Structure formats: structure tokens, C-alpha cells
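Topology and contacts: notes
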Amino acid sequence: MSDNELQRQWAGELADLARSGAISRREVLRKASVFGLSIPLIGAVLAACGSDDDKSADTTSASPTTAAGAGTTAGGSETTSASTSGSTPAGKGGILAVGALTPSTEVDPVIGYDAASIAIFQLTHEYLIWLNPDFTLRPQLAESWAPEEEGKRWVVSLRKGVTFSDGTPLDADTVKASYDRLLDPDSESAALSAFDGVLEAGGITVQDESTVVFDLVRPYADFPYLISANTYNTVILPKDYTAPYQDHAIGTGPFVLTSFSATDGAKFSRNETYWDTGKPGLDGVEIKFYKDPQAQVLGLQSGEVDTQVTSIISLLTPVANNPDFTIDQVNGTGVNVFTMRVDQAPFDKKNIRQAVATALDRQAINDTLSNGAAALGNDHLLAPAYPASPTDIPQREIDLDKVKELLAGESVSFKLTFEPPLKDFAVVLQEQLKQAGISVELDQRTSDEFYAGDQATDTPWLFTTANLVGWAGRAVPTQFIIPMIKSDGIWNGSKYANPALDAAADAYDATTDEAEKKKQAKIIAEAMHEDTPVIITDWSASVRPYNSKKWTGISAHPSSFVDFNDVAPV
Amino acid sequence: MGGFLLTLALTSILIFALTNVIPGDVARRILGREASQEAVNAKRAELGLDRSILVQYRSWLGGFLRGDWGKSYTKGEPVRELVLSHLGRSLELGLIAFAVVVPVALGLGLLAGLRNGTRTDRAITVLGLCGTATPEFVSGVLLLILFSVRLNWLPSSARDEYGLKGLVLPVICLVIVCVGYITRMVRASVVATLERPYVRTARLKGITTAALVRRHVLRNSLVVPVTALGVQLRYLIGGLITVELLFNYAGIGSLLLGAAQEKDLPTLQAATMVTGVVIMLTFVLTDAIYAWLDPRVRVGKAR
């Protein structure tokens, strides 16, 4: 598809920014992939960058080892990703064994939310667009996409000649049916929340057999992210799909499900009719469930599995010391948020919130809990991994004198509510705050209890005075900011309300102009940093260990997603 | 029989009441925290969780008695198959472990008892105590590191696909825990038997040690592991959680734990009931074997 007028205009704006040095070459590539620009147009924009900033741009990547997916060219092109990983003839690749923690919910593409479930349906099913580990977008079932009407309408052209594993061809009607299923007001999918305020039921129309049109509620320049793997429930399913997944696992993906046990794991063989000829390199994949994270690491060490879906960094030390293994690492946008109710004592006073934030030794938290792999947080939701993240807000650091000054003799104590996965974090916070004379009572609830109740009136994770909530990474910062910090946000646990921030969040989404985005991002970040409704101590890195004596082409993903298309034996 | 049924009925009420006061929201659990509140409310109605506890209990009990145990909330599979297959695996592991533990403990206990006060006796007692005192998650991890990671002789999990080979490490792990306790009991029984007047008389009459052990000591000592069976089998069925988690063995213990953590009520209720039945049957069975081995019990009852 050739570029339309709007794409050429946005490309022109990108080129101007690149020329002025405001954005890096890497960032140009990322934006070009979101806007769905064609290869020639990307080439023209890149020409404006010159070549001198290549190196500095690349150092922003935190991937110390080879990340096959990260090298993928962006844009509306047929990519030839990761050709470095060896071109094993198709079907000679053997079976990759992958460890995963036993899913805590039924595996189902429509409602699944746990990492192992997501990994399983990502092997058999595909999205319109894949999210690369460096946040660029790669066409999957969509061949190209283009904005119209200032980004309020998006036209998506589907890849031709794709069939489901039962032979049914993929067409625009099927894509529409898939999205209608998620957007139905009665839908049980978390995707409904992800599309909230952007795309509603009835917003998708079929233009022709291989073109679908998304009409949005408001202009949204980052919309392609929402129809990418980033919204993990948006895999394209057959029109007649119904749960249970294991009985109807018909997808367009690189693998087909051959056996499934809710307690043991799942086996897959390569999809012989996969549209991307020559892929996957593997004969099959075997996902093995582990009930215990320690046992999962032992399984990796003993060779029972070759890699993992999710990993706990602090458990990987024995693997890191073993030369047979490589641990790939990417900067993520996953985060544990320390929320304080600004409408309740003691956090109704800004100085108290700032005092708590200033009493924390963020580097020590990072070293203790993430082996130093995380990126430090600065109490706003613009992670360093986001291109629009402001760099000129001073990093908040531990300063016990300042804490004393802020508290002005007032003694502070509060109850911190959390669920078991964040216990270590809670204990470290309690210990650090104790040094500053702030006493914290730990209130651990079971995960069920923590998330139970009504989200509008009483659920603990949104209504306790202070709490810790873990968030999986999001590709677009406003996916955090709008639900969590905007005055009417559905997950606004701090009850913070700031009209200036609200306006900036909306303006951020509406604009395609990078300079404008950075300006709005700074307004949001400064307000959050100053008012401190939430404390962000660090942004977690995502790691994936694998046996590099046996395999190449395995990489970490900020959301722990799996893409094994380019995996091959050494 | 009446007592048996009454106990079961009370158990079912207790289980139902307890599982319903576990804090949390099943519907929210199933759909995740990011699903809309409307969807969660609808799911709760769909599962019938908005009905009164009494109505829920009646419908659950009716289903349970008819053999319709419902569908697991979190695994999407029928509960009956899930529970029975996990129970079967637990029984398999428990029985294999017991089949190893009993002869080993009998042998060691006899040896220690016959060599009462010697170095052999002390070594067996101390080693047995060490084994009992070592938690499974320590011995298990050590076994895994040695035999799976370092030597690569055995698989690091007990998945079905590995067959008996996968069971070697979990069984060793269980033997280490159980053997010390039973050995001590056998030893004590042997020592006591040897001090009995009739044994002394037999010795004076010139009986060989082998014949003494066979005719007098062994039968008395066998009673011990049978009594222990009641206690240990309960542990082997329901208390194996650590071993099951560590070796990824799909037994009833980890099924119960998972169901409790995930608030998977149909699975939790059915698994608890079934475990209860098995434990009660174990008591009946051990009483019967005990009576067969020790005539005094039979005589006492007949009176």
C-alpha cells in the first residue's frame, strides 16, 4: 500500500524533528513503524537523520546480548528479521522445551491474562501487529496500516493468502468478528478496558475482503499499539471460536497444538501451512509447567527445559554463572506502583507523600530485588524506556535531612496493603522507611482478597490508604496514565485529581507531533513528581535465560511474550 | 457405617462453610483485575455465586452425590477426572514410598534393636533422626542438584512422561523423611520384645538368633509400621505438597493447595471430600490389619 497524504505529512514532521536532532534514528524507526510508513518513505525520513547519531541512538538499547527480535526492521514491510540466527532448513530445528509457571487461570485467548496462558496462545495464534522487544511494531496478519482523519480512523490491510490451520482463509470478516467479540459490552476480556475511550463496539467495518477500518472515539496516534500484541487478548480467532481453547486451538500461528494438560503443559508441532514460508525453524515446542519457581530454575539447569517464559531475576544467579547459558535482558515498562490515597490522612498532605518518597534508597531496592538490572524511577509514569520520557527532572534520591524538614516534627505511620508477590518489596520499603522514622504496618492479603470487591466502591487494591500493585508493561505511557492518574481513571487508586494533568494526557494521545508529545509528557511527569500521588522506585527489566550452547534466536521481551519463529539449534 | 456417613456429612458441611469464607472473589479471579466490573458481576451470576449459601450447598451436595462434581474454575476441566487422577497419582507415589520405607525401616530397626547400645545402633538412630529432621525442600533440592543438575542421571521432575524414573527422587525424598520415625519405633519394639521372659526362656532352650527373630520378634515388630501406616499414609496423601511442588508431581496435595490459592471452589470441595474418605478408609484398614496381626485386639473386641 502506498502512503497516504496524512502519512506523508507525519513523515515530513518526523524528518523535521530528526533533522533538528530532537529525536534519534532509533526513535524515527519506531514512530515510522507505528505510522505504518512504507519502506521508501522510511528511507527518505532516515536520510534526514544523517548517520552521525547512529551510535548514540543504539546505546539507548539495554540489550547486552543478541536480541533477535530487536533487530527487526520496522514499518509496513515484509521483514526479514534476525537472519543472523542461522538459516536452518525448515523443519530441521528440533523441539524447544520451555518452562512456565502453571497458569493460575484457564488458558483462553479471550480472557487469559497470565504469562503462561498468553505464551501458549501466542504460539498458535497471531495478532494484526506484533510488538518487538524494542517497542517497534512488526506486521503480522496486517500487511500495512495507515491513519486517516488526523488519526481518528485507521485503515488496516490484511496479509493475503493466510489460512487458519484447518484451511479456512483469513479475511476481513474474521478480523471484524474477532474484535467484535472483545468489544461487546458484555465481553469478559480485559481488552475491553484497554480499548476504553478509544474504540467501541461497532467501530470496525469491513471495507473489502482484505481491508478493515477502525473508527475511533477520538484521534489516537498510537492506535497501532492497541491492535498489536501489546493488547494481548487481540489474537485473531476463527469466527466460530468458543472456549475451551485446547479443543478449538485453530489459529494462523507458526505452531499447532498437539496436546494439552492443565497440570503438565502443552505440546506443539510446526504449522506446515504457515504463511511465512520457511518458518518456523523448529519442528515443535513443548511448554512444561512448573508449580514452583525454584523447581523451574532447576529444570533449566538440568536441561529439562531450554528457556523460560517468565523469570525471577533473583533466582537466576546459578544460571548466570553457568557458561552454557545466556541471559537476555531488555528494559521494560513493567512497574510496581506504591500508591497513596491523597484524600485520606496521612497522605492528604503533599509534604508527607514527598517525605516517604525521599526516604527511599532506590538504588538499594534495585540492587536487592532486581540484581541492579532495573531502571530507577522518579515517581512519574514516564518510564525511561518511553521516548517521550523527560530527562531534565532531577532524580529523587534518599535524603534523610530533607525528610526531617518535610515532616517538620510530625510522626507518620501507616498501613501498607499488598499481595504475596510483592512481599519482598514491602519488607524492603518498611525497613528503609523505619530508618527515616516512618513506621509502616505491613498488611498482606491473598491475591484474591486484594483484587476482590467492587472497583467502583471498595476493592482493597484501589481503596486502601497505601498499597503496592504490580503492573505488566505497556507500550504507550498513557495506557498507565489515563486509567491510573487521570481524575476519572478507572484504576485511580490514589484518588488524585489534577485538571492540568488530565488535559495533558488527552493532548498527548491526540498529537502525532513528537515535540508536542514531549511537552505534554513533561507536564504530566512534573505534576506527578511534585504532587507524588504514587511512588515509582524502579522500572523492572525483563530477562529470559536460555541454553545458548544449544539454541540461537531466543530473546527477552518486555512483556515476556514469546516469538520462536527464528529459533534454531546452534 | 452410620458413624462413617455422619462424619462425611459433617465434613461436607464444614468444607463448604470454610471454603465459602475464604476471602476473595472467584469471578474476579477468573477474569483478572483488568476486566470490567460489569463482566465480573455477570460472571458471578453465571456461576451461581449470588445465591444464598444454603441453596449453593444443596445444589453442590446434590451434584456431588450424583457424581456431577462440576468444572474447575481455573483449569476448565471436569473436577471428577481432575480429582480422581490426582488422587490416583498420590496413592501411587504414597504406596511406592511405603513399599520402600517398610522393608528398609524394618531391616534397620531390627538391626539397631538386636545390636542395642552398639555403634551400629547409634549410627542408625542418629542418621534416621537427621533424615526426619531435614525438611523435604532441603533434601529435595539437594537431591535435584546432585542427581539431575550435576550427574544428569535422573529427570528433574516427576512428570508422567518419565514414568518410574521420574519417581526415583521423590520416593528417596519421602523415604528420608519417613524412615527414621518408623525405624525408631521398630527398634524400640525389638528391644522390648528381647527383654520379655518368653524370649529369655527361648534363648535358654538354645534357639538360634535367626529363628528367634523369625518366630518371635518379627511378628511383634510388624505391628509397629502398621500403626504408623495410619499416620504416615495420611501424610503421604495430603501432606506431600512440598515434594509435589518441587518435583512437579500432579498429586492431590498440590491440587488442594492450588485450588485453595486460586479459590477454585468445585475442585477444593471435591478434593477435600475425597481425601477425607480416603483417610477414613485408611483408619478402617489399619485397624483391621492391626487386629489380624495382634490377637489381643481381636479378643478384646470380642469380649
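To start, this report covers the structure provided alongside it. (Residues numbered from 1 in each chain as written. Chains lettered and ligands numbered in written order. Predicted model: local features only at pLDDT ≥ 70, side-chain atom pairs only at ≥ 80, totals over all residues.)

Glancing now at the overall build of chain B. Check the secondary structure of chain B and you find 14 helices and zero strands. Along the longest, intermediate and shortest principal axes, the C-alpha atoms of chain B span 85 × 60 × 30 Å. The 303 residues of chain B split such that 39% are buried. Counting contacts in chain B only where the partners sit at least 6 residues apart, residues at least 24 apart contribute 70% of the total. (Helix = DSSP H or I, 4+ residues; strand = E, 2+ residues; numbered from the N terminus. Buried ≥ 20, exposed ≤ 12 C-beta atoms within 10 Å, placed from the backbone. Contact = placed C-beta atoms within 7 Å.)

For the rest of this paragraph, the subject is the nonpolar core. With 238 residues, the main nonpolar core has Ala119(A), Phe223(A), Val285(A), Ile524(A) and Ala271(B) as its most contacted residues. The dominant element in this core, judged by the number of residues it contributes, is helix 8 (residues 163-194) of chain B, at 13 residues. (Core = buried A, V, L, I, M, F, W, Y, C linked by C-beta atoms within 7 Å.)

For the rest of this paragraph, the subject is unusual backbone geometry. Residues and elements named next belong to chain A. The omega torsion of the bond from Ala 243 to Pro 244 falls at 0°, within 30 degrees of zero and hence cis. For Pro 244, the position within the fold is in the loop between helix 8 (223-226) and strand 8 (255-261). Residue Pro 346 follows Ala 345 across a cis peptide bond; omega there is 0°. Note on placement: Pro 346 falls in the loop between strand 12 (325-340) and helix 11 (350-358).

You'll often see interface size given as the accessible area lost when the parts meet. The partner chain A presents 37 residues to the 36 residues of chain B that form the contact. Of all the secondary-structure elements, those providing two or more residues to the side of chain B that touches chain A are helix 2 (26-31), helix 3 (37-46), helix 7 (136-150) and helix 11 (241-246) of chain B. Of the residues assigned to the side of chain B that touches chain A, the class counts are twelve nonpolar, twelve polar and twelve charged. (Nonpolar A, V, L, I, M, F, W, Y, C, P; charged D, E, K, R; others polar.)

The subject of this paragraph is the sheet that holds strand 7 (residues 211-215) of chain A. Residues and elements named next belong to chain A. An order of 4-5-7-6 is seen for the four strands of this open sheet, with the pairing classed as antiparallel. Each having just a single partner strand, strand 4 (142-148) and strand 6 (204-208) make up the two edges of the open sheet. The sheet shows a mean angle of 25° between the axes of neighbouring strands, taken without regard to direction. In the packing of helix 6 (residues 172-183) onto the sheet, contacts are made with strand 5 (153-158), strand 6 and strand 7, and the angle to strand 6 comes to roughly 175°. (Pairing = 2+ DSSP bridges. Axes fitted to C-alpha atoms, helices over the stretch in contact; angles between N-to-C directions.)

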